[in-house]
Amino acid sequence: MKIFKLILALSVIITISYFSWDYYAGKLIQEKREKATLVFKEAGGEYYAQKKV
C-alpha cells in the first residue's frame, strides 16, 4: 500500500510539473510569435508596425 501511495504521489507531482511547464512554454512561444508577426511597412516615408491577425 505504501508503494501505491508513493507512485500515486509521484505521478501527481509529475503531472502538475508537466502541465505548468507546458503552460509557460506555450505562453513564451505565443509571445515570440506575436513579436514575429509584426510587419514593418513603409507608408509616406514613415515606418509603422502593423500586427497581422
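Predicted, not measured: the structure shown is a model, and the values here were computed from it.

About the criteria used
- One numbering rule holds for all chains: residues counted from 1, following each sequence as written.
- Local features are withheld for residues below a pLDDT of 70 in this predicted model, meaning they are given only at 70 or higher, and side-chain atom pairs are given and counted only at 80 or more; totals for whole chains, interfaces and linings count all residues.
- Computation of side-chain values covers all heavy atoms of the structure but excludes hydrogens and water.
- Helical segments are the DSSP runs of H or I of at least four residues, strand segments are the runs of E of at least two, and each set is numbered from the N terminus.
- Only protein chains enter the accessibility calculation, which uses a 1.4 Å probe; a residue is then buried when its area is under 20% of its type maximum, exposed when over 50%, and partly exposed in between.
- A 1.4 Å probe and the Shrake-Rupley method give the accessible areas. Residues count as covered only by the protein chains that appear here.
- Candidate patch residues must exceed 30% relative accessible area and have no salt bridge, after which like charges are joined if within 9 Å and Val, Leu, Ile, Met, Phe, Trp or Tyr side chains if within 5 Å.
- By definition, a salt bridge exists where a carboxyl oxygen of Asp or Glu is found within 4 Å of a side-chain nitrogen of Lys or Arg.
- Here pLDDT means the predictor's own confidence in every residue, given as a number from 0 to 100.
- Contacts: residue pairs with any heavy atoms within 4.5 Å of one another.
- Two rings from Phe, Tyr or Trp (for Trp, the six-membered ring) form a pair when their centres sit within 6.5 Å of each other. Planes less than 30 degrees apart are called stacked, planes more than 60 degrees apart edge-to-face, and all others tilted.

1. Overview of the overall build of the protein
Next, step 1: Secondary structure summary: the protein contains 1 helix and 2 strands in total.
Next, step 2: Counting from the amino terminus, helix and strand elements in the protein follow one another as α-β-β.
Next, step 3: The buried share among the 53 residues of the protein stands at 0%.
Next, step 4: In the structure as shown, the protein presents an accessible area of about 5,300 Å², 67% of it carried by carbon and sulfur atoms.

2. Points about a nonpolar patch on the surface
Next, step 1: A contiguous nonpolar surface patch, about 580 Å² in accessible area, is contributed by Met1, Phe4, Leu8, Val12 and Ile16.
Next, step 2: Secondary-structure assignment places Met1 in the segment before helix 1 (2–36).

3. As for the confidence of the model for the protein
Next, step 1: Residues of the protein with pLDDT of at least 70 account for 66%, and the chain-wide mean is 77.
Next, step 2: Between the elements of the protein, mean pLDDT differs from a low of 48, seen in strand 1 (residues 38–43), to a high of 89, seen in helix 1.
Next, step 3: Scored below 50 in pLDDT, residues 40–45 shows 8 contacts in the model against residues more than four places distant or in partner chains.

4. Quick word on the packing of aromatic side chains
Next, step 1: A full pass over the atoms with the stated rule returns 3 aromatic pairs.
Next, step 2: Between the aromatic rings of Tyr18 and Phe19, the centroid separation amounts to 5.3 Å while the plane-to-plane angle is 70 degrees, which identifies the pairing as edge-to-face.
Next, step 3: Residue Tyr18 is classed as partly exposed on the basis of its relative accessible area of 45%.
Next, step 4: The class of Phe19 is exposed, set by a relative accessible area of 52%.
Next, step 5: Arranged with centres 6.1 Å apart and planes meeting at 40 degrees, the rings of Tyr18 and Trp21 form a pair that is tilted. Remark: Trp21 and Tyr18 occur in helix 1; sequence separation between them is 3 residues, near one turn of the helix.
Next, step 6: Among the aromatic side chains, those forming a connected cluster through ring pairs are Tyr18, Phe19 and Trp21.

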